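Coordinates in review
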Amino acid sequence: MLAKIPTTVLTGYLGSGKTTLLNRILSYDHGKKIAVIINEFGEIGIDNELTVSSDEEIVEMNNGCICCTVRGDLIRIVDDIFTRYENLDHILIETTGLADPGAVIQSFFVDDRMASQLELDAIVTLIDSKHLPSQISSHEAEEQIAFADVIVLNKTDLVSPDELDALESEIRQRNTVAKIFRACHADLELENVLGIQGFDLKNALSVAPDLLIEGDHQHDDSIQSVCIERIGTVDPKKFNRWLFDLSQEHGQNILRMKGILNVDDELRRFVFQGVHMMIDGKPGRPWGSDETRRNELVFIGRDLGTMSLKEGFEACLK
């Protein structure tokens, strides 16, 4: 009987630092052959562009959440990975920030193909220490904490030690067994998140006794995504002003924003990310000599249709 491949699920609410942790894992000199599956909520994939260059196989799953509309895609992708690649040491699944880990866990046990090929190593949940107080009341954030085997209390540099202690206490009320690590920029040792054999089905069933009974999973219908794809050159001054005004006026409703931009026809693409009113940007990978310089942006939040996002961005093009 062939050994099952250990699989780690990275979860956490929008903007918690999942891709940052994924990049750290891929950057380690671990000598493992890893396949990575990235699931995004929007119709276009940004996270693959945000992921460091590596020898690992990276597969994107767009236009839906891994725990519902594209769950069948996950099963097919896993089959394809096993067909194309031999001697895999580990599989990493980075879920969308709106994923319910319970429904993802279910896939490992109710689907015969996944159950025979994969062993769930751990559910690793990233927490945004700055924004958790406003997120924790959401169903998705509650479930991500409750099902976690490892919790990374991330972005600790943005809050005080007393606030961290209070957050950890609140997390413990929802999950008494997970290991909790505090981190800044998702910086922690590989041995704390990979190959830890941390998943315990009994604990998961204590959270959701009907976990292994298949059923539909519904998201908060008020949360939507707006995806923008445009060819052209971005004027940085106009873009910065638009993004600043947008975050000031609608920041509380914008749960997540991220994008790849062609700014001033520079040699490197510009990568920006934001959570609510906090925005960060830096140069990314070089553009290819024959590559079409396409601007790609994703906004996830509430009442996005009232913000005229596409028109606002188009006004930033030269």
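Here goes a summary of the coordinates provided. (Residues numbered from 1 in each chain as written. Predicted model: local features only at pLDDT ≥ 70, side-chain atom pairs only at ≥ 80, totals over all residues. Heavy atoms only, no water.)

1. Examining the pattern of salt bridges
Taken as a whole, this structure holds 10 salt bridges when the rule is applied. Ionic pairing is found between Arg24 and Asp187, a salt bridge with its closest N-O pair at 3.8 Å. Placement of the pair is Arg24 in helix α1 (residues 18-27) and Asp187 in the loop between β7 (179-182) and α9 (201-207), with a sequence separation of 163 residues. Residue Asp187 is classed as partly exposed on the basis of its relative accessible area, which comes to 46%. (Salt bridge = Lys/Arg side-chain N within 4 Å of Asp/Glu carboxyl O. Helix = DSSP H or I, 4+ residues; strand = E, 2+ residues; numbered from the N terminus. Buried < 20%, exposed > 50% of the residue type's maximum accessible area, 1.4 Å probe, protein only.)

2. A few points about the environment of Val78
Tracing the sequence through the fold places Val78 in helix α3 (residues 71-84). Considered as a pair, Val78 and Arg113 are 35 residues apart in the sequence and their alpha carbons are 8.8 Å apart. Look past the residues within four positions of Val78 in its chain and what remains in contact with it is Ile37, Gln117 and Leu118. (Contact = heavy atoms within 4.5 Å.)

3. Considerations on the sheet that holds strand β11 (residues 278-286)
With antiparallel pairing, the 5 strands of this open sheet are ordered in space as β8-β12-β9-β10-β11. Because the sheet does not close on itself, it has two edges, and the strands there are β8 (223-231) and β11. Each strand axis lies, on average, 10 degrees off the axis of its neighbour in the sheet, ignoring direction. With 6 bridges connecting them, strand β9 (residues 254-261) and strand β12 (residues 294-302) associate as antiparallel partners. Paired with Lys258 across the two strands is Val298, which belongs to β12. Here helix α10 (residues 236-250) sits on the sheet and contacts β9, β10 (268-275), β11 and β12; the angle it forms with β9, its principal contact strand, is near 170 degrees. (Pairing = 2+ DSSP bridges. Axes fitted to C-alpha atoms, helices over the stretch in contact; angles between N-to-C directions.)

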